[in-house]
Amino acid sequence: MKQIDARGLACPAPVLQTKATLQEEKPNIVRVVVDNAASQQNVQRFLESRGFQTKLEQKGDDYLVTGSCDTASEEQDQSSVEQPSADPQSEANRIMVMCATDRIGFGDDELGLALMVNFLRTLKEMGDELWRLVFVNNGVKLTIDGSEVLEDLREYEKGGLKILVCGTCLNHFNLLARKQVGETTNMLDIVTAMQLADKVVSI
Amino acid sequence: MMFPTDENVLVGLDRADDAGVYRISDDLALIQTVDFFTPVVDDPYWFGQIAAANALSDVYAMGGTPKTAMNLVAFPVKEMELSVLRQVIQGGLDKLAEAGVVLIGGHSIEDRELKYGLSVTGIVHPAKVLIKKNLRLGDRLVLTKPLGSGIVNTAIKAGIASAELTDRVTHLMASLNRAAADIMSNFDVGACTDVTGFGLLGHLAEMVCGSGMSVRVFSGQVPLIAEALELAAMGLIPAGAYKNREFRESMIEFAETVTRSRQDVLVDPQTSGGLLISVAGHQVDKLVAALKDAGIHDAAQIGKICNGPQEKIWVL
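Let us look at the structure shown here.

What to know about the interface of chain A and chain B
The partner chain B presents 23 residues to the 25 residues of chain A that form the contact. Together chain A and chain B conceal approximately 2,100 Å² of surface at their shared face, both sides included; 55% is due to carbon and sulfur atoms. By the criterion of area lost to chain B, the three top residues of chain A are A:Pro12, A:Arg45 and A:Asn186, representing 26% of everything that side buries. Between A:Glu183 and B:Arg262 there is a salt bridge, and its shortest N-O distance comes to 3.2 Å. Along the contact surface separating chain A from chain B lie nine residue pairs in polar contact (both at pLDDT 80 or more). Going through the elements one at a time, helix H1 (13–25), helix H2 (37–49), strand S8 (183–185) and helix H7 (187–196) of chain A are the ones with two or more residues in the side of chain A that touches chain B. Here the side of chain A that touches chain B takes six residues from H2(A), the largest share from any one element. For the side of chain A that touches chain B, the per-class residue count stands at nine nonpolar, eight polar and eight charged.

In structure tokens form, the structure reads like this:
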């Protein structure tokens, strides 16, 4: 087991030391000793973000965070699963629609775009069950200025639908400044939404 | 401790607000505030700008117009080149010029660590002072800058923020709340504060305390620096965020759908954050539209003021 003594260090130094050790030595089990609660939580979260299962002990003024990655058990899986919300919608089905393209199907691009426009407009027939609309890859182009469905998407958003637009994708196409609707998001949010949804529809 | 006061003190230490307000006449009151800190960015010129934007913000949050300022400087003369200090002060001066504020003095001392900030004086009509504690049932909350600067600054210290992200957050911290304050003055605003060290929920808690109201925050609508969520999940969270959460724990209820990282961003201590405005419900869309028209693209409606359960913040 690799031990790191990060006592006396303030954030973010303990996380950095842990990160460096993981990169250089790739230990299966690592123990980090810190002396304040903030560093303890940060180190614990860092290890968990890297797929480690963590255990916490307190010894006097010190916190011992032990992370192990070779015993990925159900316990770890459970800790990362979000509980369903207590909001009224939790009673209904929650449908997440993920668009990874700006047109439907292959073949004629013009037809594909027309179908996509029609699809997004017709989605409202799902009613309250439509819970998240996520745009990734080429799909983000539907959320920028000039998009044929911009007004429709704005209407959805006004009606309380949460629209998530992949930040990495916008950045890739250099469209960050041109996004007109929805919340710029990241993979963690998208994955969390998938977990919470009752149904995920992928286009 | 007892602080003597008089009838012209409109806002004083008895109800801590963003700045003190003293009535000079029936139609004029002085706003006074002071703030200084150690560098938040490596570039001295930008540090100067951020410190000035931050100090001016308290006057804007009170509904006032800043007029004059004085520098506060602590400088390690023996260890640092004087040119560094010159750049810090130039940054402050340029930001003051942008705000239409004149520097009329200052004071410096020798210290082991660089510190810079300003004392700012502004004016306001005594009837138009915007205090924190005036939440009205049905009002909506608007935030004018995205959250996450504390987390990003921690990532910068850790050397893992990209140059583009560093640049983006630097500009964000240095941007004035002046335009937002100008626009806000045309609307029916009940209360206002600026989001700084206590984070969004900490400052909101100050507004809620003693109001008899509760607040719902729609966490999905809260503008934030997109990268902050991932950085928070990696444990790059300033210690202040944990303190902020702990201090207001009894007032804040997070719905289980609010991810841990999003919670962290909501309590992340901000440097020179945006204005948090409580505006009449029927005007909120117009206010947000006006802010966006003025180039404040991140402005968003983030919550509403509700009847009890008493003085709780519900984060959905």
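Thoughts on the pairing of strand S5 (residues 102–110) of chain B
Residues and elements named next belong to chain B. Direction of pairing for strand S4 (residues 65–75) relative to S5: parallel, over a ladder of eight bridges. Bridge pairing in S5 links methionine 70 to glycine 105. After leaving S4, the chain enters helix H2 (residues 82–99) and then returns to the sheet as S5, a path that is right-handed.

What to know about the sheet that holds strand S9 (residues 199–202) of chain A
Residue and element names in this part refer to chain A. Strand order in the open sheet formed by five strands is S8-S7-S6-S5-S9, and the pairing between neighbours is parallel. Looking along the sheet, the strands with just one partner apiece sit at the ends: S8 and S9. Here the average twist between neighbouring strands, direction ignored, is 25°.

What counts and how
- Residues numbered from 1 in each chain as written.
- Chains lettered and ligands numbered in written order.
- Predicted model: local features only at pLDDT ≥ 70, side-chain atom pairs only at ≥ 80, totals over all residues.
- Heavy atoms only, no water.
- Contact = heavy atoms within 4.5 Å.
- Buried area = accessible area lost by both parts, 1.4 Å probe.
- Salt bridge = Lys/Arg side-chain N within 4 Å of Asp/Glu carboxyl O.
- Polar contact = N/O pair within 3.5 Å; in protein donor to acceptor, adjacent residues only side chain to side chain.
- Helix = DSSP H or I, 4+ residues; strand = E, 2+ residues; numbered from the N terminus.
- Nonpolar A, V, L, I, M, F, W, Y, C, P; charged D, E, K, R; others polar.
- Pairing = 2+ DSSP bridges.
- Right-handed = clockwise from strand over helix to strand, strands pointing away.
- Axes fitted to C-alpha atoms, helices over the stretch in contact; angles between N-to-C directions.

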